[in-house]
Amino acid sequence: MIIDCHGHYTTAPKALEDWRNRQIAGLKDASLTPKVSALKISDDELRQSIAANQLQKMQERGADLTIFSPRASFMAHHIGDFNTSSTWASICNELCHRVAKLFPDHFIGAAMLPQSPGVDPRTCIPELERCVKEYGFVGINLNPDPSGGHWTSPPLSDRHWYPIYEKMAEYDIPAMIHVSTSCNACFHTTGAHYLNADTTAFMQCLTSDLFKDFPTLKFVIPHGGGAVPYHWGRFRGLAQELKKPLLKDHLLNNIFFDTCVYHQPGIDLLTKVIPVDNILFASEMIGAVRGIDPETGFNYDDTKRYIEATQNLSAADRHKVYEGNARRVYPRLDAALKVKGK
Ligand SMILES: [Zn+2]
């Protein structure tokens, strides 16, 4: 089985975006605020939006199951206040849940949290609980920067975030560390802010003893870990300067990287530098980079090709990247698959 641990509902029917635009307009003129019940999307519309897009590409490319969360750039936690985010997260998570119910063999949910800048992350717990207990979601996306590029929250190692970690430990769910839209003109959302955040999250963990407090906590750092694998020597050297343990003992029981690196040399480097037990297959399809690479004639985000082609992985290693590691990092996914006899 091939599990893609990183997919978003980027193809939701336009009614969702229209509703969100009305919600945003309502922040200036409350009379424009739409009711949740004003959003009407039928199962047929959901089915169409998936069958002709993500599902078709999964089947063409050979992925079986995607861990599916709301569109990351649309989380936009910086907009409005907690109530704005709360309503929006609830709507987006419910849609992912409905997709997973319509295509139970191909999608399983991961939750967006109703984060809001300056608001205690504890407020996210009810939505997290609902998604895990009612919807059977197997992970969450945690935004380390709800301000959207201004980094006004404490680092991930700060006790500020501990209520989320306590709930993650209780439920045994991992968090993908995933920012949203940049509203800082210096940072392009997917080309800079995402990769900056991946690198930043790793370094925040490196300088801290977070995983001493939470030995079972698991973070998936997406987009191939940002700059981390490429600069592994720098990070090892910094850890040494800071008198931290070796990175394999300090961080690699808790931090994992996905394979959303959109070219062969990048995957070759990732699989050479990072231990295979810490690499999870992902494509982030349909996402930020949708074109065809003229050098290969294939889509940049057809990441399975790179895993197949790399010389650094044995057949047993590929099985770990495609399935084994995801089952280990997402125990609730493993349990859900076992219930189905998989
Ligand atoms: Zn993503």
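Presented here is an overview of the structure given in this document.

Counting secondary structure elements, the chain contains 15 helices and eight strands. Here the chain has a C-alpha radius of gyration of 19 Å; the compact-globule value for 342 residues is 20 Å, and the two agree. Along the first, second and third principal axes, the C-alpha set of the chain runs to 55 × 45 × 40 Å. Residues classed as buried in the chain amount to 46% of the 342 residues present. Pairs at least 24 residues apart make up 76% of the contacts formed inside the chain by residues separated by at least 6 positions.

Let us now look at unusual backbone geometry. Going from Met-285 to Ile-286, the amide bond is cis rather than trans, its omega being 10°. Even without being glycine, Trp-151 reaches a positive phi, approximately 50°. Mapped onto the elements, Trp-151 comes out in the loop between β4 (139-142) and α7 (162-171). Exposure remark for Trp-151: the 16 C-beta atoms within 10 Å place this residue in the partly exposed category. If you check the backbone angles, His-223 has positive phi at about 55° while not being a glycine. Judged by the 25 C-beta atoms lying within 10 Å of it, His-223 is buried.

A few words on the sheet that holds strand β5 (residues 175-177). Read from one edge to the other, the open sheet built from eight strands follows the order β1-β2-β3-β4-β5-β6-β7-β8, with strand pairing classed as parallel. Edge positions in the sheet fall to β1 (3-9) and β8 (279-280), since each has one partner strand and no second. Here strand β2 (residues 65-70) pairs with strand β3 (residues 107-112) via three bridges, running parallel. Counted as the bridge partner of Thr-66 is Phe-107 from β3. Sitting on the sheet, helix α5 (residues 82-102) is in contact with β1, β2 and β3, with an inclination near 170° to β3.

To continue, consider helix α12 (residues 264-273). The periodicity of an α-helix, 3.6 residues per turn, causes residues three or four places apart in sequence to face the same way. For α12, every residue scored as buried is listed here: Ile-267, Leu-270 and Thr-271. Angular distribution of buried residues about the axis of α12 spans 90°; they occupy a single face of the element. Check the buried side of α12 and you find it contacts β7 (255-258), β8 and α13 (304-309).

Relative to the helices and strands, Arg-122 is located in the loop between β3 and α6 (125-133). Spatially, the C-alpha atoms of Arg-122 and His-160 are 8.7 Å apart, while their sequence positions differ by 38 residues.

Right, let's talk about the pairing of β2 for a bit. Buried residues dominate β2, accounting for six of its six residues. Pairing of β1 with β2, which is carried by five bridges, proceeds in the parallel orientation. Residue pairing across strands places Ile-3 opposite Leu-65, the latter belonging to β2.

Counting residues in each nonpolar core, the largest one holds 86 residues, and the members touching the most others are Phe-68, Val-99, Ile-221 and Leu-280. With residues near it in sequence (within four places) discarded, Ile-221 still touches Ile-177, Asp-198, Ala-201, Phe-202, Gly-226, Val-228, Ile-255 and Phe-257.

Now for helix α1 (residues 14-25). For α1, built from twelve residues, the straight-helix expectation of 16 Å at 1.5 Å per residue is met to within 8% by its first-to-last C-alpha distance of 17 Å. Among all positions of α1, only Leu-16, Trp-19, Arg-20 and Gln-23 are buried. For α1, the angular spread of the buried residues around the axis is 100°, confining them to a single face. Those residues of α1 that are exposed and aimed more than 90 degrees away from the buried face are Lys-14, Glu-17 and Asn-21.

With that settled, consider the packing of helix α2 (residues 43-51) against α5. Interhelical geometry of α2 versus α5 gives an angle of 80° and a closest axis separation of 10 Å. One finds that α2 runs roughly perpendicular with respect to α5. Contacts between α2 and α5 involve Asp-43, Leu-46, Arg-47 and Ile-50 on the former and, on the latter, Arg-98, Val-99 and Leu-102. Among the residues making up the contact of α2 with α5, the classes are represented as four nonpolar, no polar and three charged.

Our focus in this paragraph is the environment of Ala-192. Among the secondary structure elements, Ala-192 is positioned in helix α8 (residues 189-206). Separated by 43 residues in sequence, Ala-192 and Gly-149 have C-alpha atoms that sit 9.9 Å apart.

Here Ala-336 shows up in helix α15 (residues 331-339). Remark: the alpha-carbon pair of Ala-336 and Gly-136, spanning 200 residues in sequence, is separated by 8.4 Å.

The rules behind the values
Residues numbered from 1 in each chain as written. Predicted model: local features only at pLDDT ≥ 70, side-chain atom pairs only at ≥ 80, totals over all residues. Helix = DSSP H or I, 4+ residues; strand = E, 2+ residues; numbered from the N terminus. Rg over C-alpha atoms; globule rule 2.2 N^0.38 Å. Buried ≥ 20, exposed ≤ 12 C-beta atoms within 10 Å, placed from the backbone. Contact = placed C-beta atoms within 7 Å. Pairing = 2+ DSSP bridges. Axes fitted to C-alpha atoms, helices over the stretch in contact; angles between N-to-C directions. Arc of directions from axis to C-beta. Core = buried A, V, L, I, M, F, W, Y, C linked by C-beta atoms within 7 Å. Expected span 1.5 Å × (residues − 1). Parallel < 35°, antiparallel > 145°, perpendicular 65-115°, else oblique. Nonpolar A, V, L, I, M, F, W, Y, C, P; charged D, E, K, R; others polar.

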